[in-house]
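Fold and geometry: a report
Here is how the chains run, residue by residue.
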Amino acid sequence: MNFISFRKKQNNTILKMLRALKNKLIYLCLLALLFLSCKSNYISKNLGNSFYNNQFTGLLVYHPKTKDTVFKYNADKYFTPASNTKIFTLYTALQMLPAQIPAFKYGVENDTITIQGIGNPTFLHPFFNDSTALKMAKNYKNVNLILNNLEDEKFGPGWAWEDYDTYFSPEKSSFPMYGNVVAISNQDSLQSIPKALKNHVHFSESNKRRQFNDNTFYYNPKRKDTIEVPMVIDTLLLSRLWDDVLPGIVSISKYDGKKLDKIAYSSVPSDSLYKRMMLVSDNFLAEQMLILASSTLSDTLSSKRIRDTILNKQLKDLKQKPRWVDGSGLSRYNLFTPTSFVQVLEKLHNQIPQQRLFNLFPAGGASGTLTNYYLGEGKPYIYAKSGTLGNNYSLSGYLITNSGKTLVFSFMNNHYRKPTTDVKKRMQLIFEWLRDNY
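Our subject in this report is the structure included herewith. (Residues numbered from 1 in each chain as written. Predicted model: local features only at pLDDT ≥ 70, side-chain atom pairs only at ≥ 80, totals over all residues. Heavy atoms only, no water.)

Moving on, we come to the sheet that holds strand β6 (residues 181–187). Backbone-to-backbone hydrogen bonds join strands into a sheet, with any given pair of strands oriented parallel or antiparallel. Strand order in the open sheet formed by three strands is β7-β6-β10, with antiparallel pairing between adjacent strands. Unpaired on one side and paired on the other, β7 (189–193) and β10 (227–230) mark the two borders of the sheet. Going from strand to strand, the sheet's axes swing by 30° on average, the running direction of each strand aside. As paired strands, β6 and β10 are joined by four bridges and run antiparallel to one another. Residue Val181 lies in a different strand from β10, and its bridge partner there is Pro230. (Pairing = 2+ DSSP bridges. Helix = DSSP H or I, 4+ residues; strand = E, 2+ residues; numbered from the N terminus. Axes fitted to C-alpha atoms, helices over the stretch in contact; angles between N-to-C directions.)

Inspection of the entire model under this criterion finds 24 aromatic pairs. With centroids separated by 5.4 Å and ring planes inclined at 70°, the aromatic side chains of Phe88 and Trp324 adopt a geometry described as edge-to-face. Here the residue Phe88 occupies a position in helix α2 (residues 86–96), and Trp324 occupies one in the loop between α7 (303–312) and α8 (338–351), the gap between them amounting to 236 residues. Trp324 carries the same exposure label as Phe88, and that label is buried. Aromatic pair Phe411 and Phe431: ring centres 5.9 Å apart, planes at 85°, arrangement edge-to-face. (Phe/Tyr/Trp six-rings, centres within 6.5 Å; stacked < 30°, edge-to-face > 60°. Buried < 20%, exposed > 50% of the residue type's maximum accessible area, 1.4 Å probe, protein only.)

Let's shift gears to unusual backbone geometry. Residue Ile193 is joined to Pro194 through a cis peptide bond whose omega torsion reads 10°. One non-glycine residue, Asn74, lies in positive phi territory at about 55°. Here Asn74 shows up in the loop between β2 (68–73) and α2.

Take the nonpolar core next. Phe88, Leu90, Tyr274, Leu348 and Phe361 are the most contacted members of the largest nonpolar core, which has 50 residues in total. Ignoring sequence-local partners within four residues, the contact set of Tyr274 consists of Leu90, Ala93, Leu94, Leu97, Pro98, Met289 and Leu360. Counting 33 residues, the second-largest nonpolar core is a separate cluster that includes Met177, Val182, Leu238 and Ala264. (Core = buried A, V, L, I, M, F, W, Y, C linked by side-chain atoms within 4.5 Å. Contact = heavy atoms within 4.5 Å.)

Take helix α6 (residues 283–294) next. The end-to-end C-alpha distance of α6 is 17 Å, a good match for the 16 Å that twelve residues give at a rise of 1.5 Å each. In terms of residue burial, α6 counts as a mostly covered element, since twelve of its twelve residues are buried. Within α6, burial applies to Asn283, Phe284, Leu285, Ala286, Glu287, Gln288, Met289, Leu290, Ile291, Leu292, Ala293 and Ser294. By the N-cap criterion, in which a side-chain oxygen at the helix start approaches the backbone nitrogen of a residue two or three places on, α6 is capped by Asp282, the distance to Phe284 being 3.1 Å. (Expected span 1.5 Å × (residues − 1). Polar contact = N/O pair within 3.5 Å; in protein donor to acceptor, adjacent residues only side chain to side chain.)

Moving on: the pairing of β2. As paired strands, strand β1 (residues 56–63) and β2 are joined by five bridges and run antiparallel to one another. Across the sheet, residue Val61 finds its bridge partner in β2, namely Phe71. Between β1 and the antiparallel strand that follows it, β2, lie four residues; Lys67 among them carries a positive phi value of about 65°.

The next subject is the pattern of salt bridges. In the structure shown here, the tally under the stated rule is 14 salt bridges. Lys72 is the salt-bridge partner of Asp76, the closest N and O atoms lying 3.2 Å from each other. Among the residues examined, Asp76 registers a relative accessible area of 35% and is labelled partly exposed. Relative accessible area serves as the criterion here: at 48%, Lys72 is assigned to the partly exposed category. Lys154 is the partner of Glu171 in a salt bridge, and the nearest nitrogen-oxygen pair spans 3.6 Å. Taken together, the residues Glu171 in the loop between β5 (142–146) and β6 and Lys154 in the loop between β5 and β6 connect sequence positions 17 residues apart. Among the residues examined, Glu171 registers a relative accessible area of 2% and is labelled buried. Lys154 sits in the partly exposed class, given a relative accessible area of 32%. (Salt bridge = Lys/Arg side-chain N within 4 Å of Asp/Glu carboxyl O.)

It is worth spelling out the sheet that holds β5 at this point. Sheet architecture is open: five strands sit in the order β11-β5-β4-β3-β12, paired in mixed fashion. Here the strands that pair on one side only, and so sit at the sheet edges, are β11 (250–253) and β12 (262–269). When the angles between neighbouring strand axes are averaged without regard to direction, this sheet yields 30°. With five bridges connecting them, strand β4 (residues 112–117) and β5 associate as parallel partners.

Another point: the packing of helix α5 (residues 270–280) against α6. The N-to-C vectors of α5 and α6 enclose an angle of 135°; their axes lie 8 Å apart at closest approach. Here α6 runs oblique to α5, going by the angle between their axes. The chirality of how α5 crosses α6 is left-handed. Only Leu285, Ala286 and Met289 of α6 make contact with α5, whose side of the interface consists of Leu273, Tyr274, Arg276 and Met277. Here the residues of the contact of α5 with α6 sort into six nonpolar, no polar and one charged. (Parallel < 35°, antiparallel > 145°, perpendicular 65-115°, else oblique. Left-handed = near helix turned anticlockwise from the far one by under 90°. Nonpolar A, V, L, I, M, F, W, Y, C, P; charged D, E, K, R; others polar.)

In an α-helix, one turn spans 3.6 residues; hence positions three or four apart end up facing the same way. Within α5, the full set of buried residues consists of Ser270, Leu273, Tyr274, Met277, Met278 and Leu279. Those residues of α5 that are buried are in contact with α2, β3 (100–109), β12, α6, α9 (354–359) and β13 (382–389).

Right under this line is the structure:
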């Protein structure tokens, strides 16, 4: 056989092998598409159930490693997200804040320390109990506090006014104390933290826990538990609270634009703050985290400024720009798409080691707001943030399949009239199918 004939035969053999390989690849691809189609058909059939007829539902499931969209349904439509909004707040904090929470800015002149609030929520907070400001301030004869450098209103836009006396709706401020709530209990007699407000607490069987715009509080004598009631934050109250912990040396001044270049840091690690916000869905921490993050941009604090900055820079690639009006999700003015949540969750997954990231999220059947839902088989398979308002429930986060894949999802439900527990049970059917079959 001459050389030319040999090369022709060799080339024909290679072509046959390539055709066989191509056919095999096509077969495998078709098989994979069929497999995915079966799963999509299952999810489509589930969402096509009459249960969903009178509500608005959106779902996006995405595989970040392969960049595959596993399932998409109304994913580019806008929904009321409730506390899913805290995912954006978490992203902002992780982008802007250091490993240790900044406590305040300050300057020293002779025997006077000037302290400027930057939104830190941990000072004397009932969970964190940080006392950095107290420990530093007591070393000086005079303490000058600057607290009026916040542009935000005390409540967010679109918050329900009748929630003014509920634990989940504290006022925002530049230098919070005690989490901006008073904790009231009845142990032989009425007790309060802070103690300075004890004489402002009265027994009453009224449904309200506080006067509308006054620091007069009520405790039902039939109760046995401790309740937390938001305080009305004003100069008079702050003077009283500071005078209680540092008698006679604290004065409150107006912000004069003078820059204070020193920063004191809280005793609280940032991840502890983030985890608390996410696990118990703490609205106060979420709002203050945006204000605190805004202190990295300007001495004048503004949660709107930091939201706009994040959307126009770090999140400028979002496919649908959200209407984002607060840090907690209390407002029904917020509008987000499932796609936007998945995009931000993917960014977090790419930027933060998985063990650390998942530690910040409630785990199905194990922790936080998901303790009683989405139970795994021996270990959690859902790490996600829930969001609940009247007639609205959403869940966005990460799903670990039995095959070891990590999926990113956002499942949003608006305007239903059924019990929320029934909505969760329907969602769980889809989550378990993805866990077991993908």
